[in-house]
Amino acid sequence: MDSPRQVKNLNGESKRNQNPPQKDAYDKLLNQHSSSKFSQYLEQYAKDATFQKEGNGPSTLPKAQSDMQNIPQRHRDQLANDLSVSSDFSLSSKKGKGEESTLSLYMEKLSTRSPQQEFERKQGVSDRQRWGQRRDTATSHDGDVESGEELGSLNPNESKKHLKQQKKAKDSNKDVASKETDSFVGCPQSPNTAGTSGQEPEKIKKAKKKKLSRHPEEVKSGEGTFQSGVDTQVSRPRSPFGKDKKLQQPRAPSANSPADKSKNKGPRGAKKRIFESYMTFEEVSHGLKRGELIQGQLRINPKKYHEAFIPSPDDARDIFLDGIVARNRALNGDIVVLRLLPREQWKVVRSDTEGEGASESDTQKETIVQTAQKKTDRMPRPGGVVEGQSSDQEELRKLQNTTFTDTGEHLEDPSLPRHNGEILQKTARVVFIVEKIHSRAVTGCLKFLPDKPFAMFSPVDHRVPRINVLLADCPQDFSSRPGDYTNILFVCRITNWEADSNFAEGQLSKTLGQAGEIEPETEGILIEHGVDISEFSDEVLDFLPKNLPWTIPADEITKRKDLRKECIFTIDPATARDLDDALSCKRLPDGNFEVGVHIADVSYFVKENNALDTIASQRANSFYMVQKVIPMLPRLLCEELCSLNPLTDRLTFSVIWKITPTGETLNVWFGRSVICSCVKLSYDHAQSMIDTPEKIFAAEELPPTDPKHPIDEIHQAVLNLHSIAQNLRAGRFTSGALRMDQLKLSFTLDKETMMPQGCYVYKYRQSNELVEEFMLLANMATAKQIYKNFPQLALLRRHPPPKAKMVDELQELCDQLGLSIDFSSAGALHKSLNTFDDDYAESRKEVLTHMCSRPMQMALYFCTGTLVDEQLFKHYALNIPLYTHFTSPIRRYADLVVHRLLASSLNCGPSLGLSSEDVQKQAKRCNDRKSMSKRVQELSADLFFGVFVKECGPLESDAMVMGVLDQSFDVLVIRYGVQKRVYCKSVVGVNKFHYNRVGKKSELTLFWTPEDPEKAPVEQVISIFTLVKVQLKADVAPMKYSAMLQRPEENESDYESAEEHTDA
């Protein structure tokens, strides 16, 4: 089947057979060639044209007009469009020899265009119509889409023009980066550029001015005014090309040699490449070895999808990639290789984290063991590759550089602030994709394009380009009834993305249903993130026990410690069905306690290297959404045979300590066991027991219990565990541990429809802390055991310290805000975050946690044999040398590997046929899927909250400002724990606003139209920690909602600043 691109070329061939005007053919050549030889040819052509124009030769213009009149209207429109596209030419974009002659020819082209051609050019189908339009996001103020149009939605000639402008900027050796925090836009033109622009016709200057003015959100102009009530919605989505037209970072050529420069040109007459060709494997290997190239994982900002980042290997500020041309067809999450751009093309930013954090994504952060928010991995990953990776990719992983060496002359540290408080951020472009982590499957809607052999697929995720889908691959009646499919969600898989096209090519793989409905949207989220939602195959199910109901074989019980008579119970969420862990606590005659953590023995059922093990390793973890779970294992295991259900014998792996009442561990025992849980307690049940230690609970107040263990015995065990847990917790924080809480939104659902009936911020209580402390204790003990016995094979979990330079910048910001925050250690930071005591302490702590999470790095699984330096094993947040995951093997494959290692170390399991590379490969897989699982969980919560706002809104709440940009600010909606962006231009009643920055502290002053016309405007100052009132209101787009700022009371225009409540 021909691709859309190929079909397009065929159409173009038919046009050429119709003898299009010579001017149009010349114009295509002009846009496709810039060599010196061709420039000389153009000069000669110009002389000949001038000679003919003066009457010394025949003119081709009448013939061109005649040809135009003979072309059918449909083809004439398309021809006019081609002329219009190719004529979109910037005088400042050309460089090299022949520049003046090509400019004069272009001026002649404009001046000699016939009235008929001019009319058809103006009446032609617009670029937006021809290439399709993304789902309307004009009314979305939540920051998911800030610029409206994907860079890839522009036509190829605009990309060409943009690249030419970048070359112009490079030749003039100017630093074109904006000197404001997040923006390249709004800076004055350089004298050279201005001089060139002065030679342009008035028509072109107006067009450029119009395009540059379409991006007010990013302009650090200091002040914005507009008529109240006239523009109360967010401005029409703008193209990043228009925004960065003159000031976007220029890209360096692929290499300095002429041969390399010609890589992207292709043969004469071919379409010019938009993206450069990828380097060969050999070039990449050598470049990584020499330190000339950098490898890392691509992170695209969902709020500003033209911005992307790669962790810097020298622990400095992330490397910046500007636009999809720099990304070179890589998608979010891909492992890529970069080449740094020359220093003069680096981005100039202020050395603060306020604006950056307010605009960058929080979605790549991970909750570590203590639910701390951690930023995307910025450390070089150890050797090892994911399953199925080629030998070339394995070699690239081994070559991944851990230190960065600048080539050329020595330069001062670019990440250090300059005299004006600004720093340079390195910029780069992708030259090779090592591993396509992104699934290439996206959800979105189809748009019909008249007279095209393909439809335009517009992804919901604006970080993904638009996709051409052949009409033959669309529903049969799509062409005749496209309106029926306007709001139908499809899944489309990208099959190809040519270097000469802004658009990818793809095929529809599934129809999901109506956009805006929970189930289709949920399925789309899962498919898009590569979650395996298929049923387990018969081959996999063959490895499950056949004789049901299953009972433990008698000979297996004899091999284990029999704990079935002990008082053992589970504490889990009320709706949990996969019960991984159970607890026990028995007072000893000497006054100490025997405390046990008993974990489901999944390794008994899932043997190494069979089909069941393979699918579990591929899934790597269960995926939890608001209304359902996609399990890692078949439900027979995760909900029945492995789950520690009450009053049922179950196989377990136990860790049992002798512990003093103060939490000091005297000894520890590991071993396989068999238990029978006496009751399934929820966190609410356990909390009630903690809150009322003297209460005698009736049987009907608790779930069914084993009559062998009275309720009083269970109650006392919970109280003893709570007492010990509090001592363990206090000791951990005294020893320097850090906890950074993240607000979590929970929902109450209708049991039949599964629609949200209510929502609330989940409260983390002492019953949660009880379970957490003993799970941490078991994980730490297991880490020591397996590392002692398998120093080269142990699967551990490390957490690198935060980035020092970003911490220094954040420290400066906090000092200016008057916040006494100590970043010297994890423990010091924890103490600083818990010093507030007022009505808004929790909200302020959440804002501070958001700020402090930016320098943090992700916690990672790793194999000890792949890291030489044992100091790198440390877990920063827990402040301990060794840590792993042991307590959740039903839902995490990493825990299953740890179980096998532990069993082998105790000689109660088979010896493992694993190498360090095998363990590291699986560790990386677990890292990727864990991060993906967290993202899916967040998107599910966002989906349900969007439905809740639509069904129950508008919702009003107090909010606290988290970050301030030049024309917008982010708030934490206190009642619901969600973060939203408020756009000043969308605030009804504000007719002017002023942006100001003092040092690192940003402020916006809003001027509200007074209710009494005779009074002066009401001023409202917006800065970090300012308290405001907002209203959450559903948008037109499905599942989207906005935060609308409410008018302050006349007598409290500042409403309130939370800083006034504290001495900090």
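Computed from a prediction, not measured in an experiment: that's the story for all the values here. (Residues numbered from 1 in each chain as written. Predicted model: local features only at pLDDT ≥ 70, side-chain atom pairs only at ≥ 80, totals over all residues. Heavy atoms only, no water.)

Undergrad: Got a minute to help me understand the overall build of the chain in this structure?
TA: Within the chain, the regular secondary structure consists of 30 helices and 38 strands. The 1064 residues of the chain split such that 60% are buried. Of the contacts made within the chain by residues no fewer than 6 positions apart, 74% connect residues no fewer than 24 positions apart. (Helix = DSSP H or I, 4+ residues; strand = E, 2+ residues; numbered from the N terminus. Buried < 20%, exposed > 50% of the residue type's maximum accessible area, 1.4 Å probe, protein only. Contact = heavy atoms within 4.5 Å.)

Undergrad: Just to check I follow, could you spell out the sheet that holds strand β4 (residues 307–310) for this structure?
TA: Either a parallel or an antiparallel arrangement is found when strands of a sheet pair, and the pairing is made through backbone hydrogen bonds. The strand order across the open sheet built from three strands is β3-β4-β5, with neighbouring strands paired in antiparallel fashion. Bordering the open sheet on either side are β3 (299–300) and β5 (319–322), each of which pairs with just one other strand. In the sheet, β4 pairs with β5 via four bridges, with the strands oriented antiparallel. Following the sheet pairing, F309 is matched in β5 by F320. (Pairing = 2+ DSSP bridges.)

Undergrad: In this structure, what is going on with the pairing of strand β36 (residues 1026–1034)? I would like to understand it.
TA: Regular strands show a simple pattern: their side chains alternate between the two faces of the sheet. Relative to β36, strand β30 (residues 955–964) is paired through six bridges, and the arrangement is antiparallel. Across the sheet, the residue bridging to A959 is V1028, located in β36. As paired elements, β36 and strand β37 (residues 1041–1045) share five bridges and run antiparallel to each other. The residue of β37 that forms the bridge with A1034 is Y1041. Counted between consecutive antiparallel strands, the loop separating β36 from β37 contains six residues, among which M1039 sits at a positive phi close to 70°.

Undergrad: I keep staring at helix α18 (residues 518–528) and nothing clicks. Help me out?
TA: The periodicity of an α-helix, 3.6 residues per turn, causes residues three or four places apart in sequence to face the same way. A large share of α18 lies buried, amounting to 10 of its 11 residues. By the burial criterion, the buried members of α18 are I518, P520, E521, T522, E523, G524, I525, L526, I527 and E528. Residues of α18 that are buried in the fold lie against β12 (441–447), β15 (488–496), β16 (504–514), β22 (629–630), β27 (756–761) and α30 (916–952). Looking one or two residues past α18, G530 carries a phi angle of roughly 70°, positive in sign.

Undergrad: How should I be thinking about the nonpolar core in this particular structure?
TA: As a rule of thumb, soluble globular proteins bury nonpolar side chains together. The biggest cluster of nonpolar side chains holds 103 residues, and the ones touching the most others in it are F569, L770 and F774. Among the elements that line this core, the one with the most residues is helix α25 (residues 766–789), at 12 residues. By size, the runner-up hydrophobic cluster in this structure holds 47 residues, among which are M932, F945, V987 and V1018. (Core = buried A, V, L, I, M, F, W, Y, C linked by side-chain atoms within 4.5 Å.)

Undergrad: Looking at this structure, I do not really get a negative patch on the surface. What am I missing?
TA: A cluster of acidic residues, E1011, D1012, E1014 and E1049, forms a negative patch at the surface. Summarising the element assignment, E1014 is placed in the loop between β34 (1001–1008) and β35 (1018–1022). (Patch = residues over 30% accessible without salt bridge, like charges linked within 9 Å, V, L, I, M, F, W, Y side chains within 5 Å. Areas by Shrake-Rupley, 256 points an atom, 1.4 Å probe, with all protein chains shown as cover. Salt bridge = Lys/Arg side-chain N within 4 Å of Asp/Glu carboxyl O. Lys, Arg positive; Asp, Glu negative; His and termini not counted. Charge placed at Lys NZ, Arg CZ, Asp CG, Glu CD.)

Undergrad: Sorry if this is basic, but what is going on with the packing of aromatic side chains here?
TA: Evaluation of the coordinates by the stated rule reveals 15 aromatic pairs. Ring centres 5.0 Å apart and planes at 85° place the aromatic pair Y604 and F605 in the edge-to-face group. Each of the two residues, Y604 as well as F605, counts as buried. Look at F945 and Y976: their rings are 5.5 Å apart centre to centre, the planes differ by 50°, and that puts the pair in the tilted class. Highlighted residues: F945 in helix α30 and Y976 in the loop between β31 (968–973) and β32 (978–983), separated in sequence by 31 residues. Of the two residues examined, F945 and Y976, each falls in the buried class. Aromatic rings pair up to connect F448, F478, Y485 and F490 into one cluster. Over the ring of F1007 we find K992, and its NZ or CZ is 4.8 Å from the ring centre. (Phe/Tyr/Trp six-rings, centres within 6.5 Å; stacked < 30°, edge-to-face > 60°. Lys NZ or Arg CZ within 6 Å of the ring centre and 35° of its normal.)

Undergrad: Please clarify how unusual backbone geometry should be interpreted in this entry.
TA: Peptide bonds are, in most cases, trans, and in most cases residues other than glycine have a negative phi. With an omega dihedral of 0°, the bond running from L548 to P549 counts as a cis peptide bond. With respect to the element layout, P549 can be found in the loop between α19 (538–541) and α20 (554–558). Within the chain, N328 stands out as a residue other than glycine whose phi angle is a positive 55°. In this structure N328 comes out as buried when scored by relative accessible area, which is 0%. In this structure, M1039 takes a positive phi of about 70° despite not being glycine. Structurally, the position occupied by M1039 is in the loop between β36 and β37.

Undergrad: Looking at this structure, how should I read the pattern of salt bridges?
TA: Opposite charge on two side chains lets them pair, provided their charged atoms get close. Considering all chains together, one arrives at 37 salt bridges under this definition. The salt bridge partner of D484 is R481, with a shortest N-O separation of 2.5 Å. When its relative accessible area of 46% is taken as the criterion, R481 is described as partly exposed. Through salt bridges with shared partners, one network takes in R729, R732, R739, E769, E772 and E773.

Undergrad: When you look at the sheet that holds strand β20 (residues 593–600) in this model, what are you seeing that I'm missing?
TA: Strand order in the open sheet made by the seven strands is β17-β24-β23-β20-β19-β18-β25, with mixed pairing throughout. The open sheet has two edge strands with one neighbour each: β17 (561–562) and β25 (680–682). Pairing of strand β18 (residues 568–572) with strand β19 (residues 581–587), which is carried by two bridges, proceeds in the antiparallel orientation. Residue I568 lies in a different strand from β19, and its bridge partner there is S584. Docked against the sheet, helix α23 (residues 683–691) engages β18 and β25, running at close to 75° with respect to β25. (Axes fitted to C-alpha atoms, helices over the stretch in contact; angles between N-to-C directions.)

Undergrad: How should I be thinking about the environment of E276 in this particular structure?
TA: Locating E276 in the fold gives a position in the loop between α13 (258–261) and α14 (281–289). In this structure the C-alpha to C-alpha distance between E276 and V325, which are 49 residues apart in sequence, comes to 8.3 Å. At 2.5 Å, the side chain of E276 forms a polar contact with the side chain of R429. (Polar contact = N/O pair within 3.5 Å; in protein donor to acceptor, adjacent residues only side chain to side chain.)

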